[in-house]
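Understanding the architecture of this molecule
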Amino acid sequence: MRSELPVARPAAGAAAGAAVGAAAARVHATLDAVFATVAEVRDASSRRLAEVAAAGRAPVRADLAPLRPLLLPRLGPLVCGLGFIAAPGLLADAAWYLEWWQTGPAGVPSQLLPDLDPESSALYDYTAWDWFTGPRGGAERTVCGPYVDYLCSDEYVLTLSAPVHVGGVFAGVAAADVFARTFENEIVPALREIPAPAFVVNAPGRVMASNTAAWPPGAVYRGGRGFDARPCGSTVSLLVGAR
């Protein structure tokens, strides 16, 4: 029996390490796929606004309609909401505005039309959300949530966002929503292969997916001993506990 132990333990450790690496790669690839879509929206929004500026006028809501042929086909199994969110005061005919489309209950894309009247008590102040404040503050990639999206879907979602600049000036945010359950379906099978507690957190420490009931999605990890962190890109980490 003793002669077998030195062989068995390294083998088990190697398998666990491989599982951690595979899970981190899955998280990274899933987020990168969404951020690639966000980057397309960012670039298209910036180009469109630059075209309007080159014409010598301020943009209006109708100037963002040409983004729709890009947005609508990219709604699907992973991305459930997508669009451009204007910085307040950017548009000449709307103090606040979202060119935002989402997958409806029947799978048909629909435009989100919240109350954006600055004088209204029901104003949807999107500038207070992390997915807006992060890009506005200089973050190239922001992952917000999961949180209950009462405005759009009444479901737990993740929002991935990036800043849009025109002539070096912040003009707004490009963003994509992913249902938290969809993200979990992509990630949890890989997490379950890890023979230890493991969960994915964003930069503020919000748990996005987990293989343990001790750290459910939505919980906040504030640091502590007993977990090793594996970066999954610049915004998210995989935390793995001792076996």
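Presented here is a report on the structure given in the accompanying data block. (Residues numbered from 1 in each chain as written. Predicted model: local features only at pLDDT ≥ 70, side-chain atom pairs only at ≥ 80, totals over all residues. Heavy atoms only, no water.)

This part covers the overall build of the protein. The number of helices and strands found in the protein is 4 helices and 10 strands. Counting only C-alpha atoms and orienting by the principal axes, one finds that the protein spans roughly 80 × 35 × 35 Å. Counting every position in the protein, which comprises 243 residues, the buried fraction comes to 44%. Contacts in the protein between residues at least 24 apart in sequence constitute 54% of all its contacts with a sequence separation of at least 6. Put simply, the protein shows about 11,800 Å² of open surface, and 55% of that area lies on carbon and sulfur atoms. For the protein, the separation between the mean place of its 19 positive charges and that of its 22 negative charges on side chains is 9 Å. (Helix = DSSP H or I, 4+ residues; strand = E, 2+ residues; numbered from the N terminus. Buried < 20%, exposed > 50% of the residue type's maximum accessible area, 1.4 Å probe, protein only. Contact = heavy atoms within 4.5 Å. Areas by Shrake-Rupley, 256 points an atom, 1.4 Å probe, with all protein chains shown as cover. Lys, Arg positive; Asp, Glu negative; His and termini not counted. Charge placed at Lys NZ, Arg CZ, Asp CG, Glu CD.)

In this structure, A175 sits in strand β6 (residues 169-179). A175 sits in the buried class, given a relative accessible area of 1%. Note: C-alpha distance between A175 and G223 (48 residues apart in sequence) is 28 Å. If sequence neighbours within four positions are ignored, A175 has contacts with V38, G81, L82, G83, I85, W100, T159, L160 and S161.

Reading across from one edge, β3-β2-β1-β6-β5-β4 is the order of the 6 strands in this open sheet, with antiparallel pairing throughout. Looking at strand neighbours, the two that pair on one side only are β3 (109-111) and β4 (142-148), the edges of this open sheet. Here the strands of the sheet are splayed against their neighbours by 25 degrees on average, with no regard to which way each runs. Here strand β1 (residues 81-86) pairs with strand β2 (residues 98-103) via 5 bridges, running antiparallel. When the sheet's bridge partners are listed, F84 is paired in β2 with E99. (Pairing = 2+ DSSP bridges. Axes fitted to C-alpha atoms, helices over the stretch in contact; angles between N-to-C directions.)

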